[in-house]
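The residues making up each chain are set out below.
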Amino acid sequence: MTQIEAYIAEHEQRFLEDLKGWLRIPSISTLPEYAADVRRAAEYAASQLRSIGLDNVRLIETQGHPLVYGEWLKAAGRPTLLIYGHYDVQPVDPIELWQTPPFEPTIRGENLYCRGACDDKGQTMLVFKALETLITTEGGLPVNVRVLIEGEEEAGGESIEHYVRSYPERLNCDAAFICDTHMPAPDLPALISGLRGIIYTEVEARGAVRDLHSGTYGGIAPNPFHALALIIAGLKDARGHIHIPGLYDRQREAPPQEQRFWQEDPLHLAETLREEMGVAQLSGEPEYPPLQRIWARPTLEIHGFVGGFSGEGAKTVIPANGKVKISMRIPPDLGLKAEEVYRLFERRVKELAPPDVEVTVHKIHAGEGVLVSPEAPVIRAASAALKETYGREPVFIREGGSIPVAALFNDILQVPIVLMGFGLPDDNLHSPNEKYSLKQFFRGVRTVARFLQLYGAGA
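Residues numbered from 1 in each chain as written. Predicted model: local features only at pLDDT ≥ 70, side-chain atom pairs only at ≥ 80, totals over all residues. Heavy atoms only, no water.

Caption draft 1: The packing of aromatic side chains, seen in detail. Under the definition given, this model contains 11 aromatic pairs. Residues Trp22 and Tyr44 carry aromatic rings whose centres are separated by 6.3 Å and whose planes lie at 10 degrees to one another, so their mutual orientation is stacked. With Trp22 in helix α2 (residues 12-23) and Tyr44 in helix α3 (residues 35-51), this pair connects stretches of sequence that are 22 residues apart. Taken together, a centroid distance of 6.4 Å and an interplanar angle of 15 degrees make the contact between Phe261 and Trp295 stacked. Remark: Trp295 occurs in helix α9 (residues 290-295) and Phe261 occurs in helix α7 (residues 256-264); sequence separation between them is 34 residues. Put simply, the rings of Trp22, Tyr44 and Phe128 touch in pairs and so form one group of aromatic residues. A cation over an aromatic ring shows up here: Arg108 above the ring of Tyr113, its NZ or CZ 3.8 Å from the ring centre. The cationic tip of Arg170 hangs over the ring face of Tyr167; the distance from NZ or CZ to the ring centre is 3.7 Å. (Phe/Tyr/Trp six-rings, centres within 6.5 Å; stacked < 30°, edge-to-face > 60°. Helix = DSSP H or I, 4+ residues; strand = E, 2+ residues; numbered from the N terminus. Lys NZ or Arg CZ within 6 Å of the ring centre and 35° of its normal.)

If you want it as structure tokens, here you go:
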């Protein structure tokens with residue numbers, strides 16, 4: 001056992017308790033009533049960075065939730081790595097589906113259950129502990145490090161975008177590392193080569209000036225929910241095809257090797273995902289293989305309705321207004337920026353709206369997708385570290401989710417991005433009973449420590 005492995009083994013329980021302390025803070029960034037808790041989570045992250053020996057640790061105030069910054073810049077002649085994570089979490093609804101309280105970290109079997117356990121407190125904490133391990137056992141880090149942790153990733157990321165665009169010189173680096181992704185299986189390491197962008201919208205339809213009795217006014221009154229149903233049906237058909245004119249005008253073909261991988265699915269990922277979801281068959285565009293659908297095709301998903309009567313029993317009301325929350329995922333191959341997709345979406349919604357309602361489209365947040373070249377030295381170092389820890393070559397795959405800050409770093413800082421995370425497909429991100437594999441957490445600590453060593457050595 002190396003000195004690094006011995007240190008991690010000796011301090012496993014403390015590492016876990018430090019994570020549990022962070023997880024108990026309900027840092028739900030999208031709900032204003034949790035603002036004080038979000039700040040407490042930021043202060044907790046800052047205290048962790050100070051305790052492991054980083055310099056210039058501070059909260060960076062923003063118009064929203066604070067950023068957390070720390071640095072270690074004492075490795076003369078070595079590259080500088082910008083490390084990103086986020087301390088905010090998703091809401092917990094529906095709370096009745098949680099087996100244990102969502103902010104009381106609970107170990108069941110080999111997993112830690114809690115909101116944020118994987119996304120992204122657990123993954124960020126394992127990076128903190130890798131830094132601690134190296135500083136303690138080796139007296140310093142093999143590379144220079146800047147750490148930037150945000151508190152609005154689950155609410156659009158507006159503050160970090162403003163900061164990066166306004167002060168890129170404060171984040172001068174040679175590469176960036178984001179530990180907020182997953183692996184296809186516990187023993188199948190992966191590096192992410194592409195992410196989709198996103199637009200998140202709220203479509204509002206307004207009819208009469210007040211709710212109406214469906215007997216007195218039914219047959220002549222506009223119904224905003226019916227209007228929204230017609231709009232949704234016009235945006236996407238029963239076979240998963242999105243009907244937005246102009247959406248595919250600039251689409252590029254993916255490289256042949258990626259297309260072969262999607263078609264052949266040698267790792268049987270589609271079947272694994274089907275079993276994990278517990279469904280009889282997969283949905284979506286049948287002419288495209290499942291892996292292409294989740295990684296490299298645009299999506300349009302309905303997330304929730306607001307308005308009308310949704311309680312137990314009956315209430316014969318025609319609502320005066322209604323809202324539906326709709327997002328689109330935007331693969332980088334589409335050749336369109338998020339703002340361009342939003343404008344096409346908004347125009348199509350207006351075209352589909354019946355004339356008896358007034359429809360407004362609100363953009364909640366947006367972010368770009370990104371493609372990553374596997375040839376950069378920093379990515380080769382990450383690949384070698386994964387191979388050492390897991391005993392096999394990592395696969396390079398895309399991920400269907402969105403991490404807008406990756407595209408931001410790529411665009412503004414113009415550095416290679418390492419997307420290396422240790423989540424698993426069944427970690428229930430954004431759902432009840434979110435979890436994180438304890439084995440993955442500690443493997444992640446060892447992998448990140450080795451990655452930093454190899455990157456510093458020029459591997």
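There is more to say after this.
Caption draft 2: Layout of the pattern of salt bridges. The tally for this structure, following the rule as stated, stands at 32 salt bridges. When the shortest N-O distance is used, the salt bridge between Asp18 and Lys129 registers 2.7 Å. Pair noted here: Asp18 is in helix α2 and Lys129 is in helix α4 (residues 121-138), with a separation of 111 residues, a long-range link. For the pair Asp18 and Lys129, one class covers both residues: buried. (Salt bridge = Lys/Arg side-chain N within 4 Å of Asp/Glu carboxyl O. Buried < 20%, exposed > 50% of the residue type's maximum accessible area, 1.4 Å probe, protein only.)

Caption draft 3: Representation of unusual backbone geometry within the structure. A cis geometry characterises the amide bond from Asp93 onward to Pro94, with omega recorded as -5 degrees. With respect to the helices and strands, Pro94 occurs in the loop between β3 (80-86) and β4 (106-108). Of the consecutive residues Asp119 and Asp120, the connecting peptide bond is found in the cis state with omega at 0 degrees. Examined against the element boundaries, Asp120 turns out to sit in the loop between β5 (111-113) and α4. A positive phi angle, close to 55 degrees, is found at His268, a residue other than glycine.

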